[in-house]
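Take a look at the letters that make up each chain.
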Amino acid sequence: MTGSDGTAMRTDLCGRLGAGEAGRSVAVCGWVDRRREHSEHLAFIDLRDHTGVLQCVVDGARDLRSEYVVRITGTVTLRPEGTANPALATGEIELQDCEVELLSRAEPPPFPLDERTDVDETLRLRHRYVDLRKPRMQRNLRARAAVNRAIRRAMDAQGFVEVETPMLIASTPEGARDFVVPSRKEPGSFYALPQSPQIFKQLTMVGGVDRYYQIARCLRDEDLRADRQFEFSQLDVEASFATRDDVLGFVTRAVAEATVEVAGHDPGTFERMTWHDAMERFGSDKPDTRFGMELAELTPIFADTQARVFQAPCVKGICLTGGAEDLPRSRVDELVATCQRWGAKGLAWMRVVATEEGGSALDAGVAKFLSPDEGAAVIEALEARPGDMVFLVADERPLVRHVLGLLRLELGRPPVNDGRFNYLWVVDFPLFEGLNAEGEPIPSHHPFTMPHTDDLPLLMSGQPLDGEALLGIRSQAYDLVLNGWELGSGSVRIHRRDIQQRIFEVLGIAPDEAQERFGFLLDAFRYGAPPHAGFAVGLDRLGALLVAEENIREVIAFPKTQSGADPLTDAPSPIADTHLQELGLRVLPPA
Ligand code: ASP
């Protein structure tokens, strides 16, 4: 494309010019970021494109307003002595002898484009095309693209084939609610939008693809949160004749390369931890391992205690270094109330003080209910020192872990932008995460997850298993965690019909129901299924953390609001009666 003077539309990008280009005639294009009067005739125009801002000294710029789109030609010139702006990448230079060509006028933007003003999110999303011009959003979109680029490169290098799978499918079992699409050809029938390509990727394994990947769009009708959108992208992976460790290796490489590409930081070895250890030590299956403050096991200390509050199946505690000095009483009361909201009966707290003999003792809070031996053992188990504050919860084990896990984050979680990327593989998840009202187990992952090899004999023995036995069975499922966010999950899959049938039986899925819901997969397995395993990594979450954003909406070009609406296009919205008729649908009045 050329400018109206017949030359190139632009020769350079605003942010890429520097002292090295001094003396050159250039043409730059972009938006008027700011205009400041210099003298009666001269004005400074800060011209902005996606690479940055360039100061242009313009004669007679009176009618140039913010966000006007212009082309400016001029000469790159070193700024006069003492006027350089070190805060700006192009701060040593400016464009002089400028000619301005107006390409497009603009109404005043609906909100200021600087990073300092806090703008209501609905307003930002309604005018996302303006919001995206902000340097931060430009950086984020480019980081997201870099994630995809690095991942494609890494998967390709490892022999994976990118295969697309359909969007209009029958329901898949990821445990969320499906979005559905009515069929016009078959009124009363519906497609489901994929919660993930799970079944299709397994079918590619039966189809001999050997190593599949896809940067897949997935849709799940769930309540939205900072790390969750209805639609999201994941790196979806499946490999044949692969062990769990092979899959962990493939994904580690892809994610590490994305980290280097975006954050310029090699994350090194990804640590591994069993689900059991994660729950016991951090009270979470997605521990933020950037800090310690681990949950100490105190149950044996209170085995024969006289203190009623600690007569419970499980007692654990955490220690806040310096907490006795730093935490005012009002904050402690707040923490107690918060823990009660999380389900605890109470939160026991004590200060650690120095004794005259130079040792440590517990003081204040519930300290008076403890025997001296119990107090000393608590201090030792928590490695507490004078000036620290200790917090204890006594209750059923899952509740103790849950509450202390949250309290640990509340008290110790580092900010999102501390520059560290602590990747962690959590392995050996339980096969079932709990029991439903009918006493049937609920799969932790999905029903195609292979049980742990050591627990397979028990499961396959055919003997009836009670709730406790079922919940003790481990699986070959694993998660990837980054700084306390779950980035993804995967598992070794069941490729043996007898094991799959047994799982359905345990889940209370009758053979005809299994056939109806997953028949096509079960049928496929009759024709020679290779052992296979896979994984999926949430790329919006990964992208967000790599640019230190706390909300994935900041790395998605056109996200939905927290309530699931799109203020830009007004989706979701009603459709015309004729359209409904064509689909054989009638809308009922709200219940
Ligand atoms: N389909 C799973 C998910 O989307 C991932 C996997 O098991 O590969 O969470």
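Residues numbered from 1 in each chain as written. Predicted model: local features only at pLDDT ≥ 70, side-chain atom pairs only at ≥ 80, totals over all residues. Heavy atoms only, no water.

Asks: Tell me what's going on with a nonpolar patch on the surface, and back it up with residues and numbers.
Replies: A cluster of nonpolar residues, Tyr129, Phe558 and Leu568, forms a patch on the protein surface that exposes about 300 Å² of accessible area. Positionally, Leu568 belongs in the loop between α15 (539-546) and α16 (577-583). Residue classification places Leu568 among the partly exposed positions, given a relative accessible area of 31%. (Patch = residues over 30% accessible without salt bridge, like charges linked within 9 Å, V, L, I, M, F, W, Y side chains within 5 Å. Areas by Shrake-Rupley, 256 points an atom, 1.4 Å probe, with all protein chains shown as cover. Salt bridge = Lys/Arg side-chain N within 4 Å of Asp/Glu carboxyl O. Helix = DSSP H or I, 4+ residues; strand = E, 2+ residues; numbered from the N terminus. Buried < 20%, exposed > 50% of the residue type's maximum accessible area, 1.4 Å probe, protein only.)

Asks: So what's going on with the side chain of Asp388? Residues and values would help.
Replies: Here Asp388 shows up in the loop between α9 (372-381) and β16 (389-395). Comment: no salt bridge for buried Asp388; closest opposite-charge side chain is Arg385, at 5.5 Å. A polar contact is formed between the side chain of Asp388 and the backbone nitrogen of Gly322, at a distance of 2.9 Å. Excluding residues within four positions of it along the chain, Asp388 makes contact with Cys319, Leu320, Thr321, Gly322, Gly323, Ala324, Met350, Arg351, Val352 and Glu383. (Lys, Arg positive; Asp, Glu negative; His and termini not counted. Polar contact = N/O pair within 3.5 Å; in protein donor to acceptor, adjacent residues only side chain to side chain. Contact = heavy atoms within 4.5 Å.)

Asks: How would you summarise the layout of surface pockets if you had to cite specific residues and measurements?
Replies: A probe as big as a water molecule, rolled over the atoms, marks out the empty space that is left. Approximately 720 Å³ is the volume attributed to the second largest pocket. What lines the second largest pocket is a set of 26 residues, and nearest its centre among them are Asp33, Arg34, Arg48, Val53 and Pro135. Secondary-structure elements contributing two or more residues to the lining of the second largest pocket are β1 (25-37), β2 (42-49), β3 (52-59) and α3 (135-157). Residue composition of the lining of the second largest pocket, by class: six nonpolar, seven polar and 13 charged. (1 Å grid on protein atoms, 1.4 Å probe; cavity = no way out; pocket = protein on both sides within 12 Å on 5 of 7 lines; lining within 4 Å. Points joined across faces, edges and corners; volume = space filled by probe spheres on them. Nonpolar A, V, L, I, M, F, W, Y, C, P; charged D, E, K, R; others polar.)

Asks: Mind laying out the sheet that holds strand β12 (residues 296-297), listing which residues take part and the relevant values?
Replies: Pairing in this open sheet of five strands is antiparallel, and the strands run β12-β13-β16-β14-β15 from one edge to the other. Two strands bound the open sheet, and with one partner strand each, they are β12 and β15 (360-363). Relative to β16, strand β14 (residues 348-354) is paired through four bridges, and the arrangement is antiparallel. Across the sheet, the residue bridging to Trp349 is Phe391, located in β16. α9 contacts β12, β15 and β16 of the sheet and is inclined by roughly 110° relative to β15. (Pairing = 2+ DSSP bridges. Axes fitted to C-alpha atoms, helices over the stretch in contact; angles between N-to-C directions.)

Asks: Before we move on, could you go through unusual backbone geometry and cite the residues and values that matter?
Replies: Excluding glycine, residues mostly carry a negative phi; peptide bonds, for their part, are mostly trans. In this model, Ala571 is joined to Pro572 through a cis peptide bond whose omega is -5°. The topology assignment puts Pro572 in the loop between α15 and α16. One non-glycine residue, Asp97, lies in positive phi territory at about 55°. Relative to the helices and strands, Asp97 resides in strand β5 (residues 93-104). Overall, the relative accessible area of 62% leaves Asp97 in the exposed class. Even without being a glycine, Ala364 presents a positive backbone phi close to 65°. Following the sequence through the fold, Ala364 ends up in the loop between β15 and α9.

Asks: Describe α3, naming the residues involved and giving the relevant values.
Replies: A rise of 1.5 Å per residue sets the reference length of α3, with its 23 residues, at 33 Å; its end C-alpha atoms lie 33 Å apart and thus fit the reference within 8%. Looking only at α3, the buried set comprises Met137, Gln138, Asn140, Ala143, Arg144, Ala146, Val147, Asn148, Ala150, Ile151, Ala154 and Met155. Buried-residue contacts for α3 involve α1 (121-126), α2 (128-131), β9 (211-219), β10 (231-240), α5 (244-263) and α15. One or two residues past the end of α3 sits Gly159, with phi positive at roughly 85°. (Expected span 1.5 Å × (residues − 1).)

Asks: Account for the sheet that holds strand β20 (residues 477-482), naming residues and giving values.
Replies: By way of backbone hydrogen bonds, the strands of a sheet pair with one another, either parallel or antiparallel. Strand order in the open sheet formed by eight strands is β6-β9-β10-β22-β21-β20-β17-β11, and the pairing between neighbours is mixed. Every interior strand has two partners, whereas the edge strands, β6 (161-162) and β11 (271-274), have only one. Bridge count between β9 and β10: nine bridges; the pairing is antiparallel. What sits directly across from Arg211, in β10, is Ala239. Running at roughly 25° to β10, helix α4 (residues 198-206) makes contact with β9, β10 and β22 (532-538) of the sheet. Of the strands in this sheet, β11 and β17 (423-427) touch helix α6 (residues 275-282), which is tilted by about 85° from β11.

Asks: Explain the nonpolar core residue by residue, including any values.
Replies: Where a protein is soluble and globular, its nonpolar side chains tend to be buried together. Membership of the largest hydrophobic core comes to 67 residues, with the highest contact counts inside it found for Ile151, Leu235, Tyr423, Trp425, Tyr478, Leu480 and Leu542. Not counting the four nearest positions on each side in its chain, Tyr423 is found in contact with Val255, Thr259, Pro267, Phe270, Glu271, Leu480, Val481, Leu482, Leu487, Leu542 and Leu546. In terms of nonpolar packing, the next biggest core, distinct from the first, is built from 22 residues, Ile318, Met389, Phe391 and Val393 among them. (Core = buried A, V, L, I, M, F, W, Y, C linked by side-chain atoms within 4.5 Å.)

So far we have only geometry, and geometry alone does not tell us how the molecule works.
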